[in-house]
Amino acid sequence: MAGPGGSEAPWELFTWPGVKGRGEYLRLVFEEAGVAYSDVGKQEGFAAVADFCWKGKNTGFPVRAPPAIRKGDFVLSYTPVLMAYLGRKFGLMPQGEEEAAHVEQILGVVTDAVAEGRLAFHPKDFYASHKIQVDESKPYVKQYGEQRLPKYMAFFEAVLQQNTHKGGFLVGASVTVADLAVYQCMAAAEQHYGPYYAAQETPLAKAHQAAIAARPRIAAYLHSERCQPWDSDSMM
Ligand SMILES: N[C@@H](CCC(=O)N[C@@H](CS)C(=O)NCC(=O)O)C(=O)O
């Protein structure tokens, strides 16, 4: 596929190896689109990602933090921006401006849901491992699980409910990057906020999560060695 500037260069994904992390949102986009990519962290290790992002190996547009992508001399980062950009490239964004804007709204909501969900696990030091703040995190995990997660899941439910198109997607009549983002957010909530997730009566959102997991390319990916394990430290 011709890339930015007509480049035939491969798509490269720079994200931390060893866990799904935010990189998972981008892996799902490449996988659903059936577009080959190289997962640089997984293939070359942690140092290759750090060298690219922060130690002078990136000669393209600066990256604040991974995940980032590179294709030829084009470099881009920030998860929801990457999803919208790749969605447009790979036919996973609606054609209409308003529907595309709704997809971007959902990407923004997912970014907030994940950031808040992660914050609860790190109340003492956001940048330190959850393992040194397990006790301190308990009231915040409870608060997110009881007060915030229900709002996010109810929002996903409401979006699915209002879509009059058949197909069970969030926006329009076909799969978009919003479906992939919400799938991963729901799966992360199930993984890290299990009892709170289970308590939510959001049948459409839960059915949507199962349907995305069962899409042929996503199911094949989830069972492949390309798929990274969940972070055992905290939500992502
Ligand atoms: N809002 C950004 C957050 C990026 C981010 O926090 N990346 C993490 C890894 S998933 C990181 O390496 N942060 C290091 C840092 O911020 O210096 C996004 O969605 O891409």
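Quick caveat: nothing in here was measured; it's all calculated off a predicted structure. (Residues numbered from 1 in each chain as written. Predicted model: local features only at pLDDT ≥ 70, side-chain atom pairs only at ≥ 80, totals over all residues. Heavy atoms only, no water.)

Enquirer: Can you lay out the domain arrangement of the chain for me, pointing to particular residues and giving the numbers?
Expert: Assigned domains within the chain: domain 1 (4-90) and domain 2 (97-215). Of note, the centres of domain 1 and domain 2, computed from C-alpha atoms alone, are 23 Å apart. In this complex, domain 1 contributes twelve residues to the contact, which on the side of domain 2 involves 14 residues. Of the roughly 1100 Å² buried between domain 1 and domain 2 on both sides combined, carbon and sulfur atoms contribute 69%. Its largest share of buried area at the contact with domain 2, domain 1 owes to Tyr-25, Glu-32 and Met-83, together 45% of the area lost on that side. On the surface where domain 1 and domain 2 come into contact, there are two salt bridges. A salt bridge links Arg-215 to Glu-32; its shortest N-O distance comes to 2.9 Å. The tally of links from domain 1 across to domain 2 stands at two residue pairs in polar contact (both at pLDDT 80 or more). Taken together, the residues of the side of domain 1 that touches domain 2 break down into seven nonpolar, one polar and four charged. (Domains from an automatic or database assignment. Contact = heavy atoms within 4.5 Å. Buried area = accessible area lost by both parts, 1.4 Å probe. Salt bridge = Lys/Arg side-chain N within 4 Å of Asp/Glu carboxyl O. Polar contact = N/O pair within 3.5 Å; in protein donor to acceptor, adjacent residues only side chain to side chain. Nonpolar A, V, L, I, M, F, W, Y, C, P; charged D, E, K, R; others polar.)

Enquirer: Break down the sheet that holds strand β4 (residues 74-77) for me, citing the residues and quoting the values.
Expert: Spatially, four strands are ordered β2-β1-β3-β4 in an open sheet, and the strand pairing comes out mixed. The two strands at the open ends of the sheet, each matched to only one other strand, are β2 (37-39) and β4. Within this sheet the neighbouring strands show an average axis-to-axis angle of 20°, counted without direction. In this sheet, β2 lies alongside strand β1 (residues 11-14) in parallel orientation, the contact comprising three bridges. Residue pairing across strands places Leu-13 opposite Asp-39, the latter belonging to β2. Those strands touched by helix α3 (residues 46-54) are β1, β3 (68-71) and β4, and its axis lies near 95° from that of β1. (Pairing = 2+ DSSP bridges. Helix = DSSP H or I, 4+ residues; strand = E, 2+ residues; numbered from the N terminus. Axes fitted to C-alpha atoms, helices over the stretch in contact; angles between N-to-C directions.)

Enquirer: Could you give an account of the site of the ligand, with specific residues and numbers?
Expert: The full set of residues close to the ligand is Trp-16, Arg-22, Trp-54, Arg-64, Ala-65, Pro-66, Pro-67, Tyr-78, Thr-79 and Pro-80. A distance of 2.9 Å separates an oxygen atom of the ligand from a polar atom in the side chain of Trp-16. Between Arg-64 and the ligand, the recorded distance is 2.8 Å, taken from a side-chain N or O atom to an oxygen atom. Coverage of the ligand by the protein chains reaches 72% of its 500 Å² of free accessible surface. (Near = heavy atom within 4 Å. Areas by Shrake-Rupley, 256 points an atom, 1.4 Å probe, with all protein chains shown as cover.)

Enquirer: Give a description of the nonpolar core that names residues and reports values.
Expert: The biggest cluster of nonpolar side chains holds 62 residues, and the ones touching the most others in it are Trp-11, Ile-69, Met-83, Leu-86, Phe-90 and Val-110. Looking at this core, the elements that each hand over two or more residues are β1, α1 (23-33), α4 (79-90), α5 (97-119), α6 (134-162), α7 (177-192), α9 (203-213) and α10 (216-222). At eleven residues, the largest contribution of residues to this core is made by α7. Both of domain 1 (4-90) and domain 2 (97-215) provide at least three residues apiece to this core. Setting aside residues no more than four positions away along its own chain, Met-83 makes contact with Tyr-25, Leu-26, Val-29, Leu-107, Val-177, Leu-180 and Ala-181. Counting nine residues, the second largest nonpolar core, distinct from the first, contains Val-40, Ala-48, Val-49 and Ala-68. (Core = buried A, V, L, I, M, F, W, Y, C linked by side-chain atoms within 4.5 Å. Buried < 20%, exposed > 50% of the residue type's maximum accessible area, 1.4 Å probe, protein only.)

Enquirer: So what's going on with the packing of α4 against α5? Residues and values would help.
Expert: Following both chains from N to C, one finds α4 and α5 inclined at 150°, their axes separated by 9 Å at the closest point. Regarding the angle of α4 to α5, the classification is roughly antiparallel. Once α4 is placed against α5, the crossing between them reads as right-handed. Residues Pro-80, Met-83, Ala-84 and Arg-88 of α4 touch α5, and the partners they reach there are Ala-100, Glu-104, Leu-107 and Thr-111. In terms of residue class, the contact of α4 with α5 is made up of five nonpolar, one polar and two charged. (Parallel < 35°, antiparallel > 145°, perpendicular 65-115°, else oblique. Left-handed = near helix turned anticlockwise from the far one by under 90°.)

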